[in-house]
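As a plain string of letters, each chain reads:
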Amino acid sequence: MPDRTISISRDRLARFRKLYVPDRDLSARMSEQFLFDMYVLGVAYGISPFEILQSVRHLEAGEPPGGIKPASMFSHPPLRGLWHKHYFSARFMPHNILMGLGGNGLERLIVETMGSSESPVITKDIISELARRVANEPLEMRHQQGKITGEWIIFARHSGVHYYLCLSTHDTGDQIIHDQIMKNCLKDFPKLRSWMDEQASSAAP
């Protein structure tokens, strides 16, 4: 982390794995890096492992209709052939609200709530209604459109099965993500490079 170091022993990480991922088949498809990232997010930012695992289980269930963006493959090297799926935490709500409001959404809600009068009387009820609409309507719209976004679960696909590699952010460089995966995940999934090549080839035009 920028301001501190977070560490955990392999024994404790194994206990963390058993506590949060008791399903042996699913657990076997999660790298140590993925589990460590989940642990760090909990310690550093208060993001519950259950929030992340909710998106994992959604993915494992075939992504039935829901509010979160569906998984997609990275389209450019060096991550081409890998996939990413968003997970959602309450700390991502402000970003989704801003995305839902768009360029003039806030101005529109203010006009609709306060009316077109040049000198409206601002009451507590008006303020409450405006706050409710600003907080709820953008989220409801993005949920209906399946566009709720968060940060990334990065995984590989092989023979229709998902292998979970790491957790990352939108602003982490692709090369950094790639290098971390190659350094830390090949020991868990030695055939990862060939899986990436297969997926990239299958997506070629």
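Every residue gets a number counted from 1 within its own chain, in the order that chain's sequence is written. It should be noted that, the model being predicted, local features are given only for residues of pLDDT at least 70 and side-chain atom pairs only at 80 or more, the latter also being counted only at that level, while totals for whole chains, interfaces and linings use all residues. Computation of side-chain values: all heavy atoms of the structure, hydrogens and water removed.

Draft legend 1. Region of interest: the pattern of salt bridges. Any carboxyl oxygen of Asp or Glu that lies within 4 Å of a side-chain nitrogen of Lys or Arg is treated as forming a salt bridge with it. Counted under the stated rule, the structure contains six salt bridges. Among the salt bridges present, the one from K187 reaches E32, with a minimum N-O distance of 3.1 Å. Remark: E32 occurs in helix α3 (residues 32-45) and K187 occurs in the loop between α8 (174-184) and α9 (192-202); sequence separation between them is 155 residues. Among the ionic pairs, K187 bridges to D188, the shortest N-O distance being 3.4 Å. Among the residues examined, D188 registers a relative accessible area of 29% and is labelled partly exposed. Several salt bridges converge on common partners, so that one network encompasses R10, E32, K187 and D188. Numbering of helices and strands runs from the N terminus, with a helix taken as a DSSP run of H or I at least four residues long and a strand as a DSSP run of E at least two residues long. Accessibility here uses a 1.4 Å probe with only protein chains present; expressed as a share of the type maximum, an area under 20% marks a residue as buried, one over 50% as exposed, and anything in between as partly exposed.

Draft legend 2. Spotlight on the pairing of strand β2 (residues 83-87). Buried residues dominate β2, accounting for five of its five residues. The side-chain alternation of β2 yields two buried faces, one formed by W83, K85 and Y87 and the other by H84 and H86. Two strands make a pair as long as DSSP finds a minimum of two bridges between them. Here strand β1 (residues 72-73) pairs with β2 via two bridges, running antiparallel. Each residue of the ladder has a partner; that of S72, found in β2, is H84. Here five bridges tie β2 to strand β3 (residues 151-158), and the two strands are oriented antiparallel to one another. Bridging across to β3, H84 finds its partner in I154.

Draft legend 3. Region of the structure containing unusual backbone geometry. The residue after P77, namely P78, is reached through a cis peptide bond having omega 5°. Relative to the helices and strands, P78 resides in the loop between β1 and β2. With a phi angle near 55°, S159 is a residue other than glycine that sits in the positive phi range. Looking at where S159 falls in the secondary structure, it is placed in the loop between β3 and β4 (161-168). Taking relative accessible area as the criterion, S159 reaches 65% and is therefore assigned exposed.

Draft legend 4. Representation of the packing of helix α1 (residues 10-20) against α3 in the model. All axes are obtained by fitting lines to C-alpha atoms, using only the stretch in contact for helices, and the reported angles, taken between N-to-C directions, cover 0 to 180 degrees. Across the interface, α1 lies against α3 with an axial gap of 10 Å and an inter-helix angle of 85°. Compared by their axis directions, α1 and α3 come out roughly perpendicular. Each of R10, R12, L13, F16 and R17 in α1 lies in contact with α3, whose residues at this interface are E32, L35, F36, M38 and Y39. Residues are grouped as follows: Ala, Val, Leu, Ile, Met, Phe, Trp, Tyr, Cys and Pro are nonpolar; Asp, Glu, Lys and Arg are charged; every other residue, Gly included, is polar. Grouping the amino acids of the contact of α1 with α3 by side-chain chemistry returns six nonpolar, no polar and four charged. Angular relationships are summarised with four words: roughly parallel below 35 degrees, roughly antiparallel beyond 145, roughly perpendicular across 65 to 115, and oblique for the angles in between. In this analysis, two residues are considered to be in contact whenever any of their non-hydrogen atoms come within 4.5 Å of each other.

Draft legend 5. Geometry of the nonpolar core. We define the nonpolar core as a collection of buried residues of types Ala, Val, Leu, Ile, Met, Phe, Trp, Tyr and Cys that are connected through side-chain atoms lying within 4.5 Å of one another. Residues M30, F34, I52, I153 and Y164 are the most contacted members of the largest nonpolar core, which totals 27 residues. Of the residues forming this core, the biggest block, six residues, is contributed by α3. Those residues in contact with Y164 that sit more than four places away from it in its chain are L26, R29, M30, S31, F34, V56, L59, E60, I153, I154, F155 and F189. Counting 18 residues, the second-largest nonpolar core is a separate cluster that includes F74, I154, I177 and F189.

Draft legend 6. Here's a closer look at the sheet that holds β3. As summarised here, the arrangement of the four strands in space is β1-β2-β3-β4, forming an open sheet in which the pairing is antiparallel. Every interior strand has two partners, whereas the edge strands, β1 and β4, have only one. Where α3 meets the sheet, its contacts fall on β2, β3 and β4, and the angle it forms with β4 comes to roughly 40°. On top of the sheet, α8 reaches β3 and β4; it is set at about 120° to β4, its chief contact.

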